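If you want the building blocks of each chain, they are given just below.
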Amino acid sequence: MSLDAPTVIRTKRDGGVLSDAAIDWVIDGYTHGRVADAQMSALLMAIFLRGMTPAEIARWTAAMVSSGERFDFTDLRRDGRPLALVDKHSTGGVGDKITIPLVPVVLACGGAVPQAAGRGLGHTGGTLDKLEAIPGFTAELSKDRIRQQLSGIGAAVFAAGDLAPADRKIYALRDVTGTTESLPLIASSIMSKKLAEGARSLVLDVKVGRGAFLKTEAESRELARTMVDLGTAYGVPTRALLTDMDRPLGRAVGNAIEVAESLEVLAGGGPDDVVELTIALAREMLDVAGLDGVDPAQTLTDGTAMDCFRQLIAAQGGDPEAPLPMGTHTETVVASRSGVMGDVDAMAVAMAVWRLGAGRAQPGDPVQAGAGLYVHRRSGEPVTAGETLFTLYTETPERLPSALAELDGGWTISDGRPPSRPLVIDRIS
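This one's a predicted model, so the numbers in the text were calculated from it and none came from an experiment. (Residues numbered from 1 in each chain as written. Predicted model: local features only at pLDDT ≥ 70, side-chain atom pairs only at ≥ 80, totals over all residues. Heavy atoms only, no water.)

K.L.:
It is not clear to me how the overall build of the chain should be interpreted in this structure. Could you clarify?
P.N.:
Within the chain, the regular secondary structure consists of 16 helices and 15 strands. The C-alpha radius of gyration computed for the chain amounts to 22 Å, which stays within 12% of the reference 22 Å derived for 429 residues, consistent with globular compactness. Overall size of the chain, expressed as C-alpha extent along the three principal axes, is 75 × 50 × 35 Å. A total of 429 residues make up the chain; the buried ones form 54% of that total. In the chain, the proportion of contacts linking residues at least 24 apart, taken out of those at least 6 apart, comes to 79%. Looking at the chain as shown, the accessible area adds up to about 16,800 Å², and 51% of this sits on carbon and sulfur atoms. Distance between charge centres in the chain, computed from 42 positive and 55 negative side chains, equals 3 Å. (Helix = DSSP H or I, 4+ residues; strand = E, 2+ residues; numbered from the N terminus. Rg over C-alpha atoms; globule rule 2.2 N^0.38 Å. Buried < 20%, exposed > 50% of the residue type's maximum accessible area, 1.4 Å probe, protein only. Contact = heavy atoms within 4.5 Å. Areas by Shrake-Rupley, 256 points an atom, 1.4 Å probe, with all protein chains shown as cover. Lys, Arg positive; Asp, Glu negative; His and termini not counted. Charge placed at Lys NZ, Arg CZ, Asp CG, Glu CD.)

K.L.:
Would you take a moment to explain the packing of helix α5 (residues 99-108) against helix α11 (residues 256-266) for this structure?
P.N.:
Describing two packed helices takes the angle between their axes plus the distance from one axis to the other. Where α5 meets α11, the closest approach of the two axes is 8 Å, and the angle between their N-to-C directions is 35 degrees. Contacts between α5 and α11 involve Ile 100, Pro 101 and Pro 104 from the former and Val 259, Ser 262, Val 265 and Leu 266 from the latter. Taken together, the residues of the contact of α5 with α11 sort by class into six nonpolar, one polar and no charged. (Axes fitted to C-alpha atoms, helices over the stretch in contact; angles between N-to-C directions. Nonpolar A, V, L, I, M, F, W, Y, C, P; charged D, E, K, R; others polar.)

K.L.:
What is the right way to look at the nonpolar core in this model?
P.N.:
Membership of the largest hydrophobic core comes to 69 residues, with the highest contact counts inside it found for Leu 373, Phe 390, Leu 392, Leu 407 and Trp 411. Per element, the largest residue contribution to this core is eight residues, and it comes from helix α12 (residues 272-288). When near neighbours in sequence (up to four residues on either side) are disregarded, Phe 390 contacts Glu 331, Thr 332, Val 333, Met 341, Val 344, Leu 373, Tyr 374, Val 375, His 376, Leu 407 and Trp 411. Counting 57 residues, the second largest nonpolar core, distinct from the first, contains Val 26, Ala 116, Leu 195 and Leu 204. (Core = buried A, V, L, I, M, F, W, Y, C linked by side-chain atoms within 4.5 Å.)

K.L.:
Looking at this structure, I do not really get the side chain of Arg 251. What am I missing?
P.N.:
By the element assignment, Arg 251 lies in the loop between β7 (238-244) and β8 (252-254). By relative accessible area, Arg 251 is classed as buried at 17%. Within the structure, Arg 251 has its side chain in polar contact with the side chain of Glu 381 (distance 2.5 Å). When near neighbours in sequence (up to four residues on either side) are disregarded, Arg 251 contacts Glu 261, Pro 271, Leu 373, Tyr 374, Val 375, His 376, Arg 377, Arg 378 and Glu 381. (Polar contact = N/O pair within 3.5 Å; in protein donor to acceptor, adjacent residues only side chain to side chain.)

K.L.:
Just checking my understanding: could you explain helix α4 (residues 54-66) for this structure?
P.N.:
Within an α-helix, residues lying three or four positions from one another point in the same direction, as the helix has 3.6 residues per turn. An ideal rise of 1.5 Å per residue puts 18 Å on 13 residues; α4 measures up with 18 Å between its terminal C-alpha atoms. Those residues of α4 that fall on the buried side of the exposure criterion are Glu 56, Ile 57, Trp 60, Thr 61, Ala 62, Ala 63, Met 64 and Val 65. On the buried face of α4, the contacting elements are α1 (5-13), α2 (20-31), α3 (37-50), α8 (165-177), α9 (183-196) and α10 (217-233). (Expected span 1.5 Å × (residues − 1).)

K.L.:
Please clarify how the sheet that holds strand β13 (residues 388-394) should be interpreted in this entry.
P.N.:
In sheet architecture, strand pairing relies on hydrogen bonds along the backbone and comes in two forms, parallel and antiparallel. Ordered in space as β8-β11-β13-β9, the four strands form an open sheet in which the pairing is antiparallel. Every other strand in the sheet has two partners, leaving β8 and β9 (329-334) as the edge strands with one partner each. In this sheet, adjacent strand axes meet at a mean angle of 15 degrees when their direction is disregarded. Pairing of β9 with β13 involves six bridges; the strand directions are antiparallel. The residue of β13 that forms the bridge with Val 334 is Thr 388. Contacts between α11 and the sheet are confined to β8, β11 (372-375) and β13, with β8 contributing the most and set at about 145 degrees to the helix. Sitting on the sheet, helix α15 (residues 346-356) touches β8, β11 and β13, and the angle it makes with β11 is about 140 degrees. (Pairing = 2+ DSSP bridges.)

In structure tokens, the structure reads:
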């Protein structure tokens with residue numbers, strides 16, 4: 001059958017369903033330069049406006065997986081046994097540093113984690129930006145190096161590289177064409193990379209609220225269900241937790257500052273919500289991977305998770321003992337009166353941190369490892385007039401006024417406690 005880009009575009013523009021052949025052709029054509037940016041932009045907008053059927057989303061995802069290499073680690077053994085390969089993906093939030101303590105916890109419980117992670121686009125860096133704040137750490141790993149690490153210590157956190165190259169091109173195009181918020185495109189983007197990375201099971205952390213990519217619970221629930229179905233259909237058992245992102249997760253938001261808070265968690269302390277979500281996701285990962293008999297919470301108190309973290313960082317060239325960078329220019333926000341800390345708007349905090357230099361506006365922009373914000377008083381905590389509520393860090397002091405302006409109006413002090421919300425809203429399997 002002869003196919004061409006205008007015909008494929010018109011089919012979706014007019015509300016039609018794309019055939020498997022059309023999807024395979026257009027993804028392959030765009031990956032190899034036979035379909036132009038302008039043509040793919042038009043198709044993405046048609047998908048944004050018209051949507052896709054579950055069958056179309058599944059085929060679009062499979063075509064993006066097939067656009068590059070798919071890792072297969074099923075032959076690997078550790079201590080003579082097949083690896084229990086499991087991974088986690090978050091749709092992203094404010095202060096979402098969970099991968100950093102979570103991977104060592106799962107390792108300490110007998111799991112193996114091949115984690116293809118990304119660099120952030122927006123208010124803070126991604127997992128790689130945060131880990132690369134550790135002196136010497138590198139995420140640029142060859143496939144042979146990934147295999148060696150999985151067999152040796154049980155984990156590797158690496159840049160996606162050649163995995164799903166079609167998604168890399170399409171993601172960059174979505175960012176500049178106003179098609180980022182398309183649920184079919186979000187689901188296929190996330191799952192194409194995760195299905196290509198070699199995990200045998202997957203847990204998703206789908207955020208809900210002001211600091212999340214999708215703001216409403218209905219949208220987030222639909223996204224979670226779509227991704228769970230995609231993984232299951234592809235032969236990768238998948239489940240999802242819907243979790244709250246109206247308020248920042250933990251007290252630290254930024255890059256190195258989030259690593260520091262993760263170390264507190266691994267040492268048996270840290271904010272309650274970060275610990276709660278780490279353990280909840282670890283339990284889901286261990287269950288879906290068929291591992292039982294080990295309490296993930298115990299690994300934080302007995303030091304085994306911290307040991308695994310140090311091994312992972314050292315294996316990837318990092319120095320787990322080296323001081324973490326912190327912005328040399330600081331500013332504080334103090335309480336004008338006593339009371340109780342009211343709502344802290346996750347998106348206001350996120351934008352302040354972005355202004356400080358912790359995030360990027362365009363792919364490839366540098367990020368400041370030491371830029372970030374520390375929340376001294378969280379929602380519901382008592383406040384005394386004159387005490388510090390927030391500390392801002394940056395290497396470029398001219399950024400401070402705009403960051404303070406973003407934070408202004410993003411928090412309140414009240415006389416009573418604000419209503420509490422559950423951190424884990426629902427579980428979808």
